[in-house]
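Coordinate inspection notes
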Amino acid sequence: AGTYPTQDVVVDRRVELGGEGGPVLDAGGEHQGLVVRADSVIIRGLVFRNVATSFISDRAALKFDSVTACVAEDNRFEGTFFGVYLARSTGCRVSRNTFRGAHKDEANSGNAIHLWSSTHTVVEGNDVSGHRDGIYLEFARHTQVADNRSHGNFRYGLHFMFSDSCAYDRNRFEANGAGVAVMYTKQVSMTGNAFLD
């Protein structure tokens, strides 16, 4: 347990980072937190905090950049612009995390879970609120989004563009600006989801 300054820290080798007692990684506002650039990295049991809005870059508490088989599970994200951001990555999993945005409007908020140009990702069992979009996919293919709760987000509970051959199952979208936005996408499977308020 404790609070640790974690600003633009690059993880460039295969490692598992596991927190006991809810250790807080504080990005200090004008920075990202962890940037993972190695395959098969596991991040679990950490609290990510204090990633401020930027209109120039997509600052994230936890960014996976051009990796395979990485995992983010059982973490908590508080007051972050983007929570988990996957770019050009394959075979990763984002599971059982909690996201609580701290911004008061859409213009200053990023997305809780953001996928760009990534494939074969599993997004499951997360609880997301207080962001621009709860879950966002762009050029993300063969992705499974299941058993998530996305609620109280400014724009969409789920938003995807150019993201073919993905499945969205048993998610709960509640009290968002709108439930789901589907744009320029084909071969979508969407079953057993709840759309509330």
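As a reminder, the structure under discussion sits directly above these lines.
Fair warning: this is a prediction, and the values are worked out from it, not measured in the lab. (Residues numbered from 1 in each chain as written. Predicted model: local features only at pLDDT ≥ 70, side-chain atom pairs only at ≥ 80, totals over all residues. Heavy atoms only, no water.)

Looking only at helices and strands, one finds zero helices and 25 strands in the chain. The principal-axis extent of the C-alpha atoms belonging to the chain is close to 40 × 35 × 35 Å. For the chain, the proportion of contacts with a sequence separation of at least 24, taken over those separated by at least 6, is 45%. Accessible area of the chain: about 8400 Å², with a carbon and sulfur share of 48%. (Helix = DSSP H or I, 4+ residues; strand = E, 2+ residues; numbered from the N terminus. Contact = heavy atoms within 4.5 Å. Areas by Shrake-Rupley, 256 points an atom, 1.4 Å probe, with all protein chains shown as cover.)

Per the stated rule, a full pass over the model turns up 18 salt bridges. E174 is the partner of R172 in a salt bridge, and the nearest nitrogen-oxygen pair spans 3.0 Å. Assessed through its relative accessible area of 35%, R172 is described here as partly exposed. If you follow the salt bridges from partner to partner, you end up with E16, R44, E73, D74, R93 and R96 in one network. (Salt bridge = Lys/Arg side-chain N within 4 Å of Asp/Glu carboxyl O. Buried < 20%, exposed > 50% of the residue type's maximum accessible area, 1.4 Å probe, protein only.)

Turning next to the nonpolar core. Counting 42 residues, the largest nonpolar core has F48, L62, F64, I113 and L137 as the members making the most contacts within it. A total of five residues in this core trace back to one element, the largest contributor, which is strand β11 (residues 82–87). Those residues in contact with L137 that sit more than four places away from it in its chain are L115, T143, L158, H159, F160, M161, S163, C166 and Y168. (Core = buried A, V, L, I, M, F, W, Y, C linked by side-chain atoms within 4.5 Å.)

Attention now moves to the pairing of strand β7 (residues 47–51). Regular strands have side chains that alternate between both faces of the sheet. Note that strand β4 (residues 24–29) and β7 share four bridges and pair parallel. The residue bridging D26 from the neighbouring strand is R49, located in β7. Where β7 lies against strand β10 (residues 76–80), four bridges are found, and the strand directions are parallel. The partner of R49 across the bridge, within β10, is E78. (Pairing = 2+ DSSP bridges.)

Let's shift gears to the packing of aromatic side chains. One pass over the structure, following the stated rule, counts eight aromatic pairs. Here F48 and F77 contribute two aromatic rings whose centre-to-centre distance is 4.8 Å and whose plane-to-plane angle is 5°, an arrangement assigned as stacked. Taken together, the residues F48 in strand β7 and F77 in strand β10 connect sequence positions 29 residues apart. Each residue in the set F48, F77 and F99 is aromatic and connected to the rest through ring pairs, giving one cluster. Above the plane of the ring of Y85 lies K63, whose end atom (NZ or CZ) is 4.7 Å from the centre. (Phe/Tyr/Trp six-rings, centres within 6.5 Å; stacked < 30°, edge-to-face > 60°. Lys NZ or Arg CZ within 6 Å of the ring centre and 35° of its normal.)

Time to look at a nonpolar patch on the surface. A surface patch of nonpolar side chains, about 330 Å² in accessible area, is lined by V182, V188, M190 and F195. Summarising the element assignment, V188 is placed in strand β24 (residues 188–191). With relative accessibility at 36%, the residue V188 sits in the partly exposed group. (Patch = residues over 30% accessible without salt bridge, like charges linked within 9 Å, V, L, I, M, F, W, Y side chains within 5 Å.)

With respect to the secondary-structure elements, S118 resides in the loop between β14 (113–116) and β15 (122–124). Accessibility expressed as a relative area gives 0% for S118, which makes it buried.

This next bit is on the sheet that holds strand β6 (residues 42–44). Pairing within the open sheet is parallel, and its eight strands lie in the order β3-β6-β9-β12-β15-β18-β21-β24. In this open sheet, the two strands that pair with only one neighbour each are β3 (16–18) and β24. In this sheet, adjacent strand axes meet at a mean angle of 5° when their direction is disregarded. In the sheet, strand β21 (residues 166–169) pairs with β24 via four bridges, with the strands oriented parallel. Within the sheet, the bridge partner assigned to A167 lies in β24 and is S189. (Axes fitted to C-alpha atoms, helices over the stretch in contact; angles between N-to-C directions.)

A few words now on the side chain of S150. Among the structural elements, S150 can be located in strand β19 (residues 149–151). Beyond its immediate chain neighbours, meaning those up to four positions away, S150 contacts V128, G134, G157, R172, F173, E174 and N176.

The tally for this structure, following the rule as stated, stands at zero disulfides. Free cysteine C70: the closest other cysteine sulfur is in C92, separated by 4.7 Å. Accessibility expressed as a relative area gives 0% for C70, which makes it buried. For the unlinked cysteine C166, the closest cysteine sulfur is that of C92, found at 14 Å. (Disulfide = S-S within 2.5 Å.)

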